[in-house]
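# Survey of secondary and tertiary structure
These are the residues of each chain, in order.
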Amino acid sequence: MDFQQKHILGIENLTAEEITFILDSAESFKEISTRSIKKVPTLRGKTIINLFFEASTRTRTSFEIAGKRLSADTVNISASGSSVVKGETLEDTARNIEAMRPDIIVMRHNASGACHYLAERLDCSVINAGDGMHEHPSQALLDAFTIRQHKGRIEGLTVAIVGDITHSRVVRSNIYCLNKLGARVRIAGPGTMLPPGIERLGCQVFSNLEDAIRDADCVMMLRIQRERQGASLIPSVREYARFFGLSEEKLRLAKADAIVMHPGPVNRGVEMASSVVDGPQNVILEQVENGVAVRMALLYLVSGGETLSHD
Amino acid sequence: MKTLIKSGRLVDPANHIDEKLDILIVAGKVAELAPNIDAGTAEVINAAGLIVTPGLIDMHVHLRDPGLEYKEDIISGTRAAAAGGVTSLACMPNSSPVNDNLAVTRYIISKAREQGSANVYPIGCITKGQKGEVLAEMGELKEGGCVGFSDDGLPVRDGEMMRRALEYANTFGAPVISHAEELSLVAGGCMNEGPVSTELGLKGIPWVAEDAMTARDIMLAELTGAHLHVAHVSTRGSVELVRQAKGRGVRVTCEATPHHFMLTDDAVRGYNTNAKMNPPLRSQADVDAIRAGLADGTIDAIATDHAPHHSDEKNVEFAIALNGIVGLETLLPLTLQLVAEKVLSLTQAIALVTCRPARILGIERGSLAPGAVADITLINPNKEWTLDAAQLQSKSRNTPFDGRTMKGHAVRTLLAGTTVFER
C-alpha cells in the first residue's frame, strides 16, 4: 500500500490498514537492530529534529536511535518549561527551527493539540511524541506491535488499562489503536482519574482493577504521577497501590498467559509490585526494544520512502 | 434638521408596533410615527423592504479602553457596534486600569461622546480593583454614569461580599451583574467538560462551576431583594435556576450570547482557539435549553460578550490562548437566525436586543415612541452574506464565525437621527 500520511499526529486519524502497514514495516526494521552493524542508509541526508518541551528519556532516546540507525542526522532540542509566559511563541520557535530545513520534527509538548498546531503551520513532517493529555501515537503503535508479537493477533483480544486515565495520552492513543485493530479495551482507575465520556472513545469502564483484568489477554498498567497525590485525586500513593496496584495475586485473575505492559518509567511498588515488574509475564523491556523499530518505521514512512532498502 | 424614514416595516416591541410606518425625526428625536408622512423639507431615507427597529443594545461588551487599545478602543469598538446595528452598549470594567473610580468612568463617557459612534454606558466594578475585597464607590460611579456593577471576568468569591454588593447597589437602583463561576470547580479547565474535552485531552470546566455560583447569587438576590443580573448563562442548569427564581418573584434577569445558542463544544475540535471563551461552549442540551429560555422569556437579553483579542493572543496553544470572541458585528444575523429557525418571533428577537436590555440597565433607549431619541437600525433581513473576519470594523479578528454564511444585516444605523453607519 501507499502510505499517504505526511504527519503522525495521532492514532485517531489513521486507518486500520495504515496501522497494520506501520506494524508490518516495523517488523522488517526490527531485524536491523539485531545486526552487529546497526545502520542502514535509508534516510541518509535527512535531518530529524527531536523538539522536546517536556522531560523524556525513553521516547527521545528511542526516536534518536531510530533516526541514527536509518542514517539520518538527528538533533535534540530540549526546550525548558512551557511557553506560557516568557520567551518566544511555539510558532516562532518552530519557524526558526524549520528555517534550518529539517525533514521531520518529532515533538513532545505539554499542551494538548500542540503537534496539530505545528503541523498546520510548517511544511516539514511532524511526528507527535506526546501532546499533553491528548495522544502518544508511537507508544500505542509499539504497544500494538508487542501485543501482536506475543499473541499473533490483536483482533478479539481483551486489553485492560489501569491507572490515571484522565491525564494519560497513552490511554487515548491505545483505545483508538486497539479498537481499530479489533480488540476490546477495558479501563479502570479511581473515579477521580476517569474522565467523562471516555467510553465513547471505545472502551468499557471499571471502577476496580479486579473486574477490569479478569480474563484479560493483556494488562497495561499506567505510571501514577506522584505529584497527583494530595491534589485531591488520590489520598496517598499507599492507598492507590493497595486498590489499583498490580500484585502477583491480582494478576492471577487475568488469563494465565496474559502479558503485562507498562509505558514506563515504572514506580515499583505503586502501580506494580516489584515481583510483577520482574515476573515472567512482563514484556516491558520488549516494548522498549520494539519502540525503536516502530519509530524507524514511522520516520521512514513519513519520509515517503518508496523502496525499503536495508543495505 | 428633519429626516424621514419612509416605507419600512417598523418593529418596536416596546410599543407593540409591527407595521409599515414612516418615522419623522426632528432634532434627533422621533417626532411622528404614521403611514405615509409627507416628506416636506425632510431628508428621505427609503426603507422599502427593510425592517426598522430601535437601535440595538448590547449590554455586554469589552471595549478594552483605557489601557488595552491594541485589542480595541472606544473608537473602533463603537464603529464595530454601528456596523452591527448596535447604537448602545454597556462596557465591562476590566480595562486597564479597571473602571472602579469616577475618573475612568468619565474618561470612557467623554471619549465615547466625542469620538464614538454609539452610546456607551459603563459598567463599574463591584469591588475596587476587582479584587473582591472592598466595595467600589458605587454611589459616585452611578452618579457619574455607570448603569450597573460587575467584576466581569471574575466572580465575587466571598458570599458576604456579594451580599453586601447587592444591598449596596440596590441603594442606588443599579443591578449587580454576576459573572457566575465557582473557581474552585473550574480548577484550571479551559473548555467545557464532557466527551469532547476527554477526547481532546483538555482540562474541562463542568457545568456545576456555573450553576453553583448562579444558585448562590440568586439566593443572595432573594435574601436582599436586590436586582441580580446573571451574565452570559451557558448551562441548562443556570437557565432553570433563573426560571424557577423568576417564578417565585426574585428580582433576577439574565442574558445569553449568540455563541452559546449557536455553537457547541464541538467547535473546539482541531484546537480552535476562536472557540475558546468563558463560559465555554457547552453541549447540545445546553444550547437547546438556552434557546428554550429565550423563547419562554426566562432569558431577558441577547448580549455578545464582545471580547476582542490580538491574534498573538489567540495564535497559540489552546490551553494558553485567551478567552473570548468579538461579537458586535454578528449579533444581529445570529439573532435573526433564531427567527429563521422559528425559535423566536421577530418581535421577541428584537425585544431581546432593544427594550429588554434597556429595562435591565434602566436606560432610556430601545423605544421609538414619539419623543424618544432617534437611535434607529435599518435591517435588510434577507441579505445573504459571508463573514470575512478581515473585514470587521473591530480591531480584532477573533471569531469562530469567520467564513460563515449569514442572513440579514444592518444597512444603516442612526444615532440620535444622524447616520453613523451605512452599507
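Placed above this text is the structure.
Conventions adopted
Residues numbered from 1 in each chain as written. Chains lettered and ligands numbered in written order. Predicted model: local features only at pLDDT ≥ 70, side-chain atom pairs only at ≥ 80, totals over all residues. Heavy atoms only, no water. Pairing = 2+ DSSP bridges. Helix = DSSP H or I, 4+ residues; strand = E, 2+ residues; numbered from the N terminus. Axes fitted to C-alpha atoms, helices over the stretch in contact; angles between N-to-C directions. Contact = heavy atoms within 4.5 Å. Buried < 20%, exposed > 50% of the residue type's maximum accessible area, 1.4 Å probe, protein only. Salt bridge = Lys/Arg side-chain N within 4 Å of Asp/Glu carboxyl O. Buried area = accessible area lost by both parts, 1.4 Å probe. Polar contact = N/O pair within 3.5 Å; in protein donor to acceptor, adjacent residues only side chain to side chain. Nonpolar A, V, L, I, M, F, W, Y, C, P; charged D, E, K, R; others polar. Phe/Tyr/Trp six-rings, centres within 6.5 Å; stacked < 30°, edge-to-face > 60°. Lys NZ or Arg CZ within 6 Å of the ring centre and 35° of its normal.

Moving on: the sheet that holds strand 2 (residues 9-12) of chain B. Strands in a sheet are paired, the pairing made by backbone hydrogen bonds, and the direction either parallel or antiparallel. Residue and element names in this part refer to chain B. The sheet built from six strands is open, its strands ordered 3-2-7-18-19-20 with mixed pairing. Since the sheet does not close on itself, it has two edges, and those belong to strand 3 (17-20) and strand 20 (418-422), each with one partner. Ignoring which end each strand starts from, the neighbouring axes of this sheet average 25° apart. Judged from the two bridges that link them, strand 2 and strand 7 (residues 51-54) form a sheet pairing that is parallel. Directly across from arginine 9, in strand 7, lies its bridge partner isoleucine 51. Along the sheet face, helix 12 (residues 331-340) touches strand 18 (376-386) and strand 19 (405-415) and points at about 125° away from the line of strand 19.

Quick look at the pairing of strand 19 of chain B now. Residues and elements named next belong to chain B. Across the eleven residues that make up strand 19, a large majority, nine, are buried. Two strands pair when backbone bridges link them, and strand 18 and strand 19 are joined in this way by eight bridges, in the antiparallel orientation. Note on strand 19: the bridge partner recorded for glutamate 384 is lysine 407. Two successive antiparallel strands, strand 19 and strand 20, enclose a turn made up of two residues, where alanine 416 displays a positive phi of approximately 50°.

Residue and element names in this part refer to chain A. Relative to the elements of secondary structure, aspartate 123 occurs in the loop between helix 4 (114-121) and strand 4 (125-131). For the pair formed by aspartate 123 and arginine 101, sequence separation is 22 residues and the distance between their alpha carbons is 9.5 Å. The residues touching aspartate 123, leaving out its near neighbours within four places in the chain, are Lys6 and Glu98.

All names here are of chain B. Counting across every chain of the model gives 35 salt bridges over all chains. Glutamate 43 is paired through a salt bridge with arginine 412; the nearest N and O atoms lie 3.6 Å apart. Placement of glutamate 43 in strand 6 (residues 43-46) and of arginine 412 in strand 19 is noted, with a sequence separation of 369 residues between them. With a relative accessible area of 39%, glutamate 43 lands in the partly exposed category. Exposure remark for arginine 412: the relative accessible area of 13% places this residue in the buried category.

Chain B puts 15 residues into the contact, and the matching count from chain A is 25 residues. Buried surface at the junction of chain B and chain A, summed over both partners, amounts to about 1500 Å²; 57% is from carbon and sulfur atoms. A per-residue breakdown of the area chain B buries against chain A is headed by Thr198, Glu199 and Glu317 of chain B, which together make up 38% of the total. Applying the counting rule to chain B against chain A returns zero salt bridges. Connecting chain B to chain A are eight residue pairs in polar contact (both at pLDDT 80 or more). Of the residues that constitute the side of chain B that touches chain A, the class distribution is six nonpolar, five polar and four charged.

Considering all chains together, one arrives at four aromatic pairs over all chains under this definition. Aromatic side chains phenylalanine 3 of chain A and phenylalanine 21 of chain A sit 6.3 Å apart centroid to centroid with 20° between the ring planes, which places their arrangement in the stacked category. Residue phenylalanine 3 of chain A is found in the segment before helix 1 (16-30), and its partner phenylalanine 21 of chain A is found in helix 1; the two are separated by 18 residues along the sequence. Taking NZ or CZ as reference, arginine 121 of chain A lies 3.6 Å from the ring centre of tyrosine 117 of chain A, over its face. Seen from the ring of phenylalanine 318 of chain B, lysine 276 of chain B lies directly overhead, with NZ or CZ sitting 5.5 Å from the centre.

Once that is clear, we can look at unusual backbone geometry. For the bond from glycine 264 of chain A to proline 265 of chain A, the omega torsion is -10°, close enough to zero to count as cis. With respect to the helices, strands and loops of the structure, proline 265 of chain A is situated in the loop between strand 9 (259-261) and helix 10 (274-277). With an omega of 5°, the peptide bond between serine 96 of chain B and proline 97 of chain B qualifies as cis. Note that proline 97 of chain B resides in the loop between strand 9 (86-91) and helix 2 (102-115). Residue aspartate 215 of chain A is not a glycine yet carries a positive backbone phi of 60°. Of note, aspartate 215 of chain A is situated in the loop between helix 7 (209-213) and strand 8 (218-221). Phi at serine 7 of chain B is positive, roughly 70°, even though this residue is not glycine. One can find serine 7 of chain B in the loop between strand 1 (2-6) and strand 2. Overall, serine 7 of chain B belongs to the partly exposed group, its relative accessible area being 26%.

On to the sheet that holds strand 2 (residues 73-78) of chain A, then. Residue and element names in this part refer to chain A. Spatially, 2-1-3-4 is the arrangement adopted by the four strands of the open sheet, whose pairing is parallel. The open sheet terminates on both sides in strands that have one partner only, identified here as strand 2 and strand 4. In this sheet, neighbouring strand axes are inclined to one another by 15° on average, regardless of whether the strands run parallel or antiparallel. With five bridges connecting them, strand 1 (residues 47-52) and strand 3 (residues 104-109) associate as parallel partners. Looking across to strand 3, one finds that isoleucine 48 is bridged to isoleucine 104. The sheet contacts of helix 2 (residues 58-69) involve strand 1, strand 2, strand 3 and strand 4, and relative to strand 1 the element is tilted by about 180°. On the sheet, helix 3 (residues 90-98) packs against strand 1, strand 2 and strand 3 and is oriented at approximately 155° with respect to strand 3.

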